[in-house]
Number of protein chains: 2
Amino acid sequence: MQAVSENKCFGGVQGVYTHASDVCGCDMTFGLFLPAEAADGPVPVLWYLSGLTCTHENAMTKAGAQQWAAEQGIALVFPDTSPRGEGIADDDSYNLGTGAGFYVNATQDPWAANYRMWDYVAEELPRLLVNNVAIDEDRQAICGHSMGGHGALTIAMAYPGRFASVSALAPITHPSTSDWAKKPIHAYLGEGNVDWTRHDACLSLRANGFAGPMLIDQGTKDPFIDSLMPEALAAAITETRHPGTLRMQAGYDHSYFFVSSFIEDHVAFHAEALYA
Amino acid sequence: MQAVSENKCFGGVQGVYTHASDVCGCDMTFGLFLPAEAADGPVPVLWYLSGLTCTHENAMTKAGAQQWAAEQGIALVFPDTSPRGEGIADDDSYNLGTGAGFYVNATQDPWAANYRMWDYVAEELPRLLVNNVAIDEDRQAICGHSMGGHGALTIAMAYPGRFASVSALAPITHPSTSDWAKKPIHAYLGEGNVDWTRHDACLSLRANGFAGPMLIDQGTKDPFIDSLMPEALAAAITETRHPGTLRMQAGYDHSYFFVSSFIEDHVAFHAEALYA
């Protein structure tokens, strides 16, 4: 991994790095915040998966998570949301192709060659980081926003024991029944071939459960709320009697102004699980 | 109102009082905590409605709310859960008759003569208190446990503008479809005569809404959870896009050990609304 930039930030370092990704078949860029404590040894890590149209950079610059991660001595990882660059398939839609990997391993042309964001985020990038920086493989947590909330929830449930806790801000909760998210996932995986118990947080929670706490925030004025379907995740959490908190936040929308308003709570929530 | 007892408590006074209730046609007893600030003038008030089998005393002695109410300068009222005493109708069931008023005005014999807990809690007792003690009629909030959660939610929604906020611990959420709560309400009001948009929190929220925040806690190991139906309230909150927080609390049951574990959060939640 090669440093693109490193900036001191709340006593630690906010870095941006690139590396050649075998999984995605292209160079990939990610953000990594290491708190001061990382100088002395491995620290717990919180993964932050971003939403549609985002790169590694949006949350890193706009979510305001570093202040709270520094207080808690926790690292933050901000992966990109898709492969990108010359020769990588794309589409005019904002919810397919570049910036819209949906955290699946595509099997359909023209996506299969590079769009393998599930394996990238859940396999390749963790290995790279554990081998190269001071993060503690045994103390991981994961969160995400919108499409990244979908990724965080589905990946957390697919890897029992890996993540101490999971949280999401305005997540896509139930893509198997929401056209908005179903269409791109069908494009990547083929309609009729999708294992929805793996790629739909509501179905995964009902099928697999999750052995840890869950925190969900959803703005009531989110223009995408009908497609995000917080009611479906509320039903899955309550009907499975899962330890989870769902907060409908009055007047908030889908933006980073919403994310930054509640990120302190999310970092504190994960810190409690990571240091338990 | 006559004092039965008054004890200094967290710098204020925890009192127990009786009064002749016109609404219930018998003497009624209630607990009232006044913080030190009440000596200087009217203070905000948080109503606490109790659950099945409780008197005015259970929450007053076991919920641990006074510490947090004292910190916030807020009064607490602990009404009884039914009329009681000689000559008052009763039943062998723990969920009908004494200790089980369900916060309705009974219209059916033998209950109609005395079981008018809706009017008692929402009309007569507030008038008595506003006229006799230093509570501020314009700054009220309401919470409750189990059957009292049902009371708190339904009364809050029926009196728009009166309560700044509402919360509940393990509330009966949807009695119109839960046999456990439907049976006694049918006994009081007559099957077929119940205005469920008034007496079912889920239906009331969908019909009337509530102009304030809502906090719900539910233990995942609550033995009554299937009858309490947190999933129904989760659906009503999320589908109406209501500002509300629902927390599924891992491992907690239905007892006052559960209530006392989270009452600090509830008092703080109401304080924020009362002092907004």
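Cut-off values and rules
Residues numbered from 1 in each chain as written. Chains lettered and ligands numbered in written order. Predicted model: local features only at pLDDT ≥ 70, side-chain atom pairs only at ≥ 80, totals over all residues. Heavy atoms only, no water. UniProt positions renumbered as here; feature names shortened; annotations may be inferred. Helix = DSSP H or I, 4+ residues; strand = E, 2+ residues; numbered from the N terminus. Rg over C-alpha atoms; globule rule 2.2 N^0.38 Å. Buried < 20%, exposed > 50% of the residue type's maximum accessible area, 1.4 Å probe, protein only. Contact = heavy atoms within 4.5 Å. Areas by Shrake-Rupley, 256 points an atom, 1.4 Å probe, with all protein chains shown as cover. Lys, Arg positive; Asp, Glu negative; His and termini not counted. Charge placed at Lys NZ, Arg CZ, Asp CG, Glu CD. Buried area = accessible area lost by both parts, 1.4 Å probe. Salt bridge = Lys/Arg side-chain N within 4 Å of Asp/Glu carboxyl O. Pairing = 2+ DSSP bridges. Least-squares fit on C-alpha atoms with pLDDT ≥ 70 in both. Phe/Tyr/Trp six-rings, centres within 6.5 Å; stacked < 30°, edge-to-face > 60°. Lys NZ or Arg CZ within 6 Å of the ring centre and 35° of its normal. Axes fitted to C-alpha atoms, helices over the stretch in contact; angles between N-to-C directions. Parallel < 35°, antiparallel > 145°, perpendicular 65-115°, else oblique. Left-handed = near helix turned anticlockwise from the far one by under 90°. Nonpolar A, V, L, I, M, F, W, Y, C, P; charged D, E, K, R; others polar.

Chain A appears in an unreviewed UniProt entry as S-formylglutathione hydrolase from Rhodovulum bhavnagarense. As its UniProt record puts it under Function (unreviewed entry), chain A is described as follows: "Serine hydrolase involved in the detoxification of formaldehyde."

1. Section: the overall build of chain A
When its secondary structure is counted, chain A shows 10 helices and nine strands. Computed over C-alpha atoms, the radius of gyration of chain A comes to 17 Å, within 12% of the 19 Å expected from 2.2 N^0.38 for 276 residues, which places it in the range of a compact globule. Principal-axis analysis of the C-alpha atoms places the extent of chain A at approximately 50 × 45 × 35 Å. In chain A, buried positions account for 63% of the 276 residues. A sequence separation of at least 24 residues applies to 72% of the contacts in chain A between residues at least 6 apart. For chain A, the computed accessible surface area is about 10,200 Å², with 46% contributed by carbon and sulfur atoms. The positive charge centre, built from 14 side chains, and the negative charge centre, built from 32, are 4 Å apart in chain A.

2. Observations concerning the environment of Glu-37 of chain A
All names here are of chain A. Tracing the backbone shows Glu-37 in the loop between β3 (26-34) and β4 (43-49). A sequence separation of 37 residues divides Glu-37 from Ile-74, and the C-alpha atoms of the two residues are 8.2 Å apart. With residues up to four places along the chain from it excluded, the contact list for Glu-37 reads Val-43, Ala-70 and Gly-73.

3. Describing the environment of Cys-143 of chain B
All names here are of chain B. With respect to the helices, strands and loops of the structure, Cys-143 is situated in strand β6 (residues 135-145). Taking the C-alpha atoms as reference points, Cys-143 and Leu-215, separated by 72 residues in sequence, lie 9.1 Å from one another. Residues within four places of Cys-143 in sequence aside, it is in contact with Leu-46, Trp-47, Tyr-48, Leu-49, Gly-148, Ala-152, Ser-167 and His-270.

4. Some thoughts on the interface of chain A and chain B
Counting from both sides, the interface comprises 18 residues of chain A and, opposite them, 18 residues of chain B. In this assembly, chain A packs against chain B so that about 1,500 Å² is buried in total across both faces, 60% of it on carbon and sulfur atoms. Of all residues in chain A, Thr-238, Arg-241 and Met-248 of chain A give up the largest surface area on contact with chain B, accounting jointly for 41% of the area buried on that side. Taken together, the links from chain A to chain B amount to four salt bridges.

5. Re the pairing of β3 of chain A
Residues and elements named next belong to chain A. Of all nine residues in β3, seven are buried; the element is thus mostly enclosed. As paired strands, strand β2 (residues 12-21) and β3 are joined by nine bridges and run antiparallel to one another. Note on β3: the bridge partner recorded for Tyr-17 is Phe-30. Connecting β2 to the antiparallel partner β3 that follows it, the hairpin turn spans four residues, and Gly-25 within it adopts a positive phi of roughly 65°. Inspection of the sheet shows β3 paired to strand β5 (residues 75-79) by four bridges, in the antiparallel sense. Within β5, the position partnered with Phe-33 by the bridge is Leu-76.

6. So, the UniProt feature "active site" (unreviewed entry) in chain A
All names here are of chain A. Here the UniProt-annotated "active site" (unreviewed entry) positions come out as Ser-146, Asp-222 and His-254. Of the residues just listed, which span 109 residues, no C-alpha pair is farther apart than 10.7 Å, and they cluster in one region. In this fold, Ser-146 is placed in the loop between β6 (135-145) and α4 (147-158). Of the residues examined, Ser-146 reaches a relative accessible area of 4% and is grouped as buried. Those residues within four positions of Ser-146 in sequence are excluded, and the remaining contacts are Gly-51, Leu-169, Ala-170, Pro-171, Ile-172, Trp-180, Leu-228 and His-254. Note on placement: His-254 falls in the loop between β9 (244-249) and α10 (256-274). A relative accessible area of 13% places His-254 in the buried class. Apart from residues lying up to four places away in sequence, His-254 is in contact with His-145, Ser-146, Ala-170, Asp-222, Pro-223, Phe-224 and Leu-228.

7. Observations concerning the relation of the copies chain A and chain B
The transformation that overlays chain A on chain B combines an axial shift of 0.0 Å with a rotation of 180°, and the residual RMSD is 0.0 Å. In symmetry terms, the pair is related by a two-fold rotation axis. Both copies contact each other with a shared surface, as 100% of the interface residues of chain A are interface residues in chain B too.

8. Thoughts on the packing of aromatic side chains
Residue and element names in this part refer to chain A. Scanning all chains against the criterion turns up 20 aromatic pairs over all chains. An angle of 15° between the planes, with centres 5.2 Å apart, marks the rings of Trp-180 and Phe-224 as stacked. Of this pair, Trp-180 sits in helix α5 (residues 179-189) while Phe-224 sits in the loop between β8 (214-219) and α8 (225-228); the two residues are 44 residues apart in sequence, bridging distant segments of the chain. Judged by relative accessible area, which is 16%, Trp-180 ranks as buried. Consider the rings of Tyr-252 and Phe-258, whose centres lie 6.2 Å apart with planes at 50°: the pair is tilted. Linked through ring pairs, Trp-111, Tyr-115 and Tyr-188 together constitute an aromatic cluster. Above the plane of the ring of Tyr-159 lies Arg-162, whose end atom (NZ or CZ) is 4.1 Å from the centre.

9. Remarks on unusual backbone geometry
All names here are of chain A. With an omega dihedral of 0°, the bond running from Asp-109 to Pro-110 counts as a cis peptide bond. When you line up the elements, Pro-110 lands in the loop between β5 and α3 (117-132). Even without glycine at this site, Phe-102 takes up a positive phi of about 60°. Looking at where Phe-102 falls in the secondary structure, it is placed in the loop between β5 and α3. Even without glycine at this site, Met-229 takes up a positive phi of about 60°. Looking at where Met-229 falls in the secondary structure, it is placed in the loop between α8 and α9 (230-239). Met-229 gets classed as buried once you look at its relative accessible area, which sits at 16%.

10. Let's talk about the pattern of salt bridges
Across all of its chains, the model carries 20 salt bridges over all chains by this definition. For Asp-119 of chain A, the salt bridge goes to Arg-116 of chain A, with nearest N and O atoms at 3.1 Å. In this structure, Glu-239 of chain B engages Arg-206 of chain B in a salt bridge whose closest nitrogen and oxygen atoms are separated by 3.0 Å. In this pair, Glu-239 of chain B is assigned in helix α9 (residues 230-239) and Arg-206 of chain B in helix α7 (residues 201-208), connecting sequence segments 33 residues apart. When its relative accessible area of 40% is taken as the criterion, Arg-206 of chain B is described as partly exposed. When salt bridges that share partners are traced, they join Asp-217, Arg-247 and Asp-265 of chain A into one network.

11. What about the packing of helix α4 (residues 147-158) of chain B against α7 of chain B?
Residue and element names in this part refer to chain B. At a minimum axis distance of 9 Å, the contact between α4 and α7 shows a crossing angle of 20°. By the angle class used here, α4 and α7 are roughly parallel. Two packed elements cross with a definite hand, and for α4 against α7 that hand is left-handed. Contact residues: Leu-153, Thr-154 and Met-157 in α4; Ala-201, Ser-204, Leu-205 and Asn-208 in α7. Broken down by class, the residue content of the contact of α4 with α7 amounts to four nonpolar, three polar and no charged.

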